Structures are given as C-alpha cells and as structure tokens.
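Report on the structure
So the chains spell out like this:
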Amino acid sequence: MNEYSNIKTPAYVCEESLLEKNLQLLGYVQKESGAKIILALKGFAMWSTFSLVSKYLRGCTASGLYEAKLAREEFCKYNKNAEVHTYSPAFKEDEIDEIANISDHIVFNSPAQLKRFASRVKEINPTIEISLRLNPEVSSSPVDIYNPCGLYSRLGTTVANLDESIVSLLDGLNFHALCEQDVDALEAVLTAFEEKFSPYIKNLKYINFGGGHHITKKGYDVAKLIRIIKNFKSKYDVDVYFEPGEAVGWETGFLIATVLDTFTNGMNVAILDTSAEAHMPDTLAMPYRAEVRGAGAAGEKKYTYRLGGNTCLAGDIMGDYSFDKPLQIGDKIIFEDQIHYTFVKNTTFNGIKLPSLMIKRSSGELELVKEFGYEDYKRRLS
Ligand SMILES: *Cc1c(COP(=O)(O)O)cnc(C)c1O
C-alpha cells in the first residue's frame, strides 16, 4: 500500500495495463468471431483512456445526446471510422436533430418513437442506420433493478407490440437483456429472441446483442461465445454487435480513500473521505460488497471495522471488514474494481468532494487526470 501513501484522496485509479488486457480479449473475440464490439459509455466513460480504447473497439453506444456528443468528440477523434450508436428509452423533440447528425446508428425503443422520428433522422443524416430495441422477455438478470425484461418493462418492444408496418424501415435490431452474465445466459436469451423474431432478421444488416456479457471475467467461456456468434452470423448472414460497458472496465482499477476517524459504538467504526452513496452507488443499489485490498470478511482477521462514508446518510456504509492491525487515522483504504458504474454515476450529495480521476500508466507512473473542487459542486446548483 506504500506505493499509494502520498496519493491525495479520494481518487479512482484506472490501471492502463489492466484496461488493455480487457481490450485485448475483446479484440480477440472480434477477430475470431467477426463480431463488432462497441463501448457502452453508460458504464465506463473515462475519455482520457479513449486513445487506447479506440485501438481495439469499433465505437461507442450512447444512451442519449450527451453520451453521443462525448463519443463523437473524444472517441471518433482517434478513429474517424468509429461508430456512434445512440439509443434512448424515448428521444425528445428538441434533441433528435442533433442526435441524428452525430449518430451512425439510431435505436428506437418503441414502434411509436420510430414512426415519429425515422423519416426526420433519415432526412438529416441519409446514411444513418435505423434499429428497434426488442424485448425478448427472457432474462436471468440477478436483480430486478437491473433486469430489462422484467414485469411491465419499459425497455424494448415485445413481440406482441411489434408493429409490422415499421419492419421495412429497419436496418437492424437490438436487444439488451443481460447483466454481468455468462455465455449460457446469452444462449437462453438468443433462443427466445430467435423463436420470437427470426422472421424479421432476413434482409437486415445487423443484430445488436446489447451489453451485460461478462466476457472479461475469469471463467467466462470465450470459446463458446465465439462459436455462438459465428453460428448466428452464418445462419442469418448479418453483422453482430456487442456493446459491453462493465466488461471493458471490469477489474481495471480501484477507489482509494483515507481513514479520517475511528471509534467504537458497539463495534469499531471507521469514517473515510469517500462515500458509498456518492462514489460507490452500486454497493447500495445492487447491493454488493466491494473487496478491500488486504482486508477480510468481518471476524476473519483480528480487527473488524464498519467502513462508512463521510456523508450524513445513516446508510452510507461500505460494509464490515477485518484487518490485521487496528486502523489508524491517515491509513489508506483501497476498494477494488471501482472503475465501471462508479464515476459515471457520482453525485455531490452532501457537498462532498468528487474523487479525482487518475491513470496508472503501463510504465507504473501515476497521472492525475482530473481533480474536482467546490466549483463542480456549485455549478450544478443555483
Ligand atoms: C447498460 C447497457 C449496456 C451495457 O451494459 P453492461 O452491463 O455495462 O455491459 C449496453 N446496452 C444497453 C442498451 C444498456 O442499457
């Protein structure tokens, strides 16, 4: 931990060599299977890494105007042929023209949205490709908040709602049904997708399999994924896209914080200069327990602490962890795997400082990319 004893905290540290390892695996999947992989900015949008990311991935998928602009500005500058795909649960009248201008693909969520905007986007950008997001109504997503195919889902069009009159306007179809899942889960979704929608696939240019594929997680069956893609491509003669976010940022770095105070109230408590609520939101939303470097489960090592954040929310707690030595004020705490779905979701709740963004270069050098301050807090309020 000494390596980081002088870091100004809190800070996210993305490790370039780990990011490149993920990108190499995704590059291998593309090469072997013929699929095209684009980055879902929703999960990972550290644009200072895009000179590297754009060497491997074919573009970005955006959830709306701002992500599309970021993709155009910060990804496409490294690769003029990079693609911007934009999907939104509903596009807005006052944004659709700009979105059409800067997107290569636009994905509508419902037939009504497609009917409303398709000819307008084609007029603005004649080469734009049009897709509809479908809901295959099958998912083994682990939690409801992350299940796009749950009861009364608003995400994607079910087969019952598919309006045949729009089919001739389509260049492709999208689905997104997974969350942190393995290839068997994809296989199950794909079976349902084909059962429901295979009559519509012929004449299309592509099918986009969405995100949620845990390709870079240890144990993921990459060979089987490649087989499935090749099989699908040859069966339907279409391009296949994947748009992972998590798999790109998976285990590529950490959040480092400092112990500000410790005391005992029935158990040992430590207060850190970060926040579960503001900086590690999925630990509360999913919920899950982040690993802490050098620490064990509660009771496993000699000294157990409840680690909590520096906001006034009672539930701003990362969890209970045990350490070999008592925690001291000034000690650094490293939460592992905090690069995806963290800073893209951060808030300035309680006015607490947003963690800095840092990159650990492959050379070992630590680079401070951005530090936030009072102005970032103030600018969002009035
Ligand atoms: C969130 C999302 C993704 C990325 O999902 P990951 O779980 O980060 O891989 C891709 N496509 C769509 C439509 C999404 O909503």
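Please read all numbers here as calculations on a predicted model, not as lab measurements. Numbering of residues starts from 1 in each chain and follows the order in which that chain's sequence is written. Since the coordinates come from a predicted model, pLDDT governs what is reported: local features require at least 70, and pairs of side-chain atoms require 80 or more to be given and counted, while whole-chain, interface and lining totals use all residues. Side-chain descriptors were evaluated using all non-hydrogen atoms of the structure, hydrogens and water having been removed beforehand.

Attention now goes to the overall build of the protein. Secondary structure is summarised from DSSP: a helix means a run of H or I of at least four residues, a strand means a run of E of at least two, and numbering begins at the N terminus for each. Secondary structure summary: the protein contains eleven helices and 18 strands in total. For the radius of gyration, the atom set is restricted to C-alpha positions; the globular benchmark scales as 2.2 Å times the number of residues to the power 0.38. In summary, the protein has a C-alpha radius of gyration of 22 Å against a globular reference of 21 Å for 382 residues, a match within 12%. Expressed as lengths along the three principal axes of its C-alpha atoms, the size of the protein is roughly 65 × 45 × 45 Å. Counting every position in the protein, which comprises 382 residues, the buried fraction comes to 54%. Two residues form a contact once any of their heavy atoms are found within 4.5 Å. By sequence separation, contacts in the protein at least 24 residues apart represent 69% of the contacts at least 6 residues apart. Here the protein has roughly 17400 Å² of accessible surface; of this, 49% comes from carbon and sulfur atoms. Relative accessibility thresholds used throughout: buried, under 20% of the residue-type maximum; exposed, over 50%; partly exposed, between the two (1.4 Å probe, protein chains only). The accessible surface values rely on the Shrake-Rupley method and a 1.4 Å probe; as for residues, cover is taken only from the protein chains in view.

For every domain, the bounds stem from an assignment made automatically or drawn from a database. According to the domain assignment, the protein consists of domain 1 (2-12 + 251-378) and domain 2 (16-249). For domain 1 versus domain 2, the separation of C-alpha centres amounts to 32 Å. Counting residues at the interface gives 20 residues for domain 1 and 23 residues for domain 2. Summing the contributions of domain 1 and of domain 2, the shared interface buries around 1700 Å²; its carbon and sulfur component is 60%. A simple way to read buried area is as the amount of 1.4 Å-probe accessible surface that goes missing from two parts once joined, with both sides added.

Turning our eyes to something else, we now look at the sheet that holds strand E4 (residues 59-62). Two strands pair under a simple rule: DSSP has to find at least two bridges between them. The strand order E2-E10-E9-E8-E7-E6-E5-E4-E3 describes an open sheet built from nine strands, whose pairing is parallel. Strands at the two margins of the open sheet, each flanked by one partner only, are strand E2 (36-37) and strand E3 (39-40). Here three bridges tie strand E9 (residues 206-208) to strand E10 (residues 239-242), and the two strands are oriented parallel to one another. Note that in E10 the partner of Tyr206 across the bridge is Asp239. On the sheet, helix H3 (residues 65-75) packs against E4 and strand E5 (83-87) and is oriented at approximately 165° with respect to E4. Lines fitted to C-alpha atoms define the axes, with helix axes restricted to the stretch in contact, and inter-axis angles between N-to-C directions lie between 0 and 180 degrees. Running over the sheet, helix H6 (residues 183-201) touches strand E7 (129-134), strand E8 (172-175), E9 and E10 and is turned about 150° from E8.

Before going further, it helps to spend a moment on unusual backbone geometry. The omega torsion across Thr9 and Pro10 is 0°, close enough to zero to call that bond cis. Along the chain, the position of Pro10 falls in the segment before strand E1 (11-15). Located in the positive-phi region is Tyr152, a residue other than glycine, with phi close to 60°. Relative to the helices and strands, Tyr152 resides in the loop between E7 and E8. We note that Asp237 has phi near 55°; this positive angle belongs to a residue other than glycine.

Nonpolar cores were defined as sets of buried Ala, Val, Leu, Ile, Met, Phe, Trp, Tyr and Cys residues, with membership established by side-chain atoms within 4.5 Å. In this structure, Ile207, Leu307 and Phe335 are the most contacted members of the largest nonpolar core, which totals 99 residues. It is H6 that provides the largest number of residues to this core, a total of nine residues. Residues lining this core come from more than one domain, with at least three contributed by each of domain 1 (2-12 + 251-378) and domain 2 (16-249). Among residues more than four places away in sequence, those in contact with Ile207 are Leu173, Phe175, Phe193, Ile201, Phe232, Val238, Asp239, Val240 and Tyr241. Among the nonpolar cores identified, the runner-up in size contains eight residues, and Tyr4, Ile7, Phe254 and Ile256 belong to it.

To continue, consider the packing of H6 against helix H7 (residues 222-236). Relative orientation of the contacting elements H6 and H7 amounts to 5°, with a least axis distance of 11 Å. In this view, H6 runs roughly parallel relative to H7, as classed from their interaxial angle. Contacts from Val183, Asp184, Leu186, Glu187, Leu190, Glu194, Ser198 and Ile201 of H6 reach H7 at Lys224, Leu225, Ile228, Phe232, Lys235 and Tyr236. Put simply, Ala, Val, Leu, Ile, Met, Phe, Trp, Tyr, Cys and Pro go in the nonpolar bin, Asp, Glu, Lys and Arg in the charged bin, and everything else, Gly too, in the polar bin. Across the contact of H6 with H7, the residue classes break down as eight nonpolar, one polar and five charged. Throughout, the term roughly parallel applies to angles under 35 degrees, roughly antiparallel to angles over 145, roughly perpendicular to angles from 65 to 115, and oblique to all others.

Moving on to the pairing of E1. Among the five residues of E1, five are classified as buried, and the element is accordingly described as predominantly covered. Residues Ala11, Val13 and Glu15 of E1 are buried on one face, and the alternating residues Tyr12 and Cys14, pointing to the opposite face, are buried as well. Of the strand pairs in this sheet, E1 and strand E17 (residues 356-360) are connected by five bridges, and their pairing is parallel. Among the inter-strand pairings, Glu15 is bridged to a residue of E17, identified as Lys360. With four bridges joining them, E1 and strand E11 (residues 253-264) adopt antiparallel strand pairing. Within E11, the residue paired with Ala11 across the bridge is Ile256.

Another aspect to go through is the side chain of Glu246. Its place among the elements puts Glu246 in helix H8 (residues 246-249). An unpaired buried charge is present at Glu246: no salt bridge exists, and Lys217, the closest side chain of opposite charge, is 8.5 Å distant. The term polar contact refers here to a pair of N or O atoms within 3.5 Å; inside protein, the definition further demands a hydrogen-donor-capable atom paired with an acceptor-capable atom, and it admits residues adjacent in sequence only when both atoms are side-chain atoms. Polar contacts involving the side chain of Glu246 include one to the side chain of His340, which spans 3.4 Å. With near-sequence residues (within four places) excluded, Glu246 lies in contact with Glu180, His214, His340 and Tyr341. When charges are counted, Lys and Arg contribute as positive and Asp and Glu as negative, whereas His and the chain ends are disregarded. Should a side-chain nitrogen of Lys or Arg be within 4 Å of a carboxyl oxygen of Asp or Glu, the pair is scored as a salt bridge.

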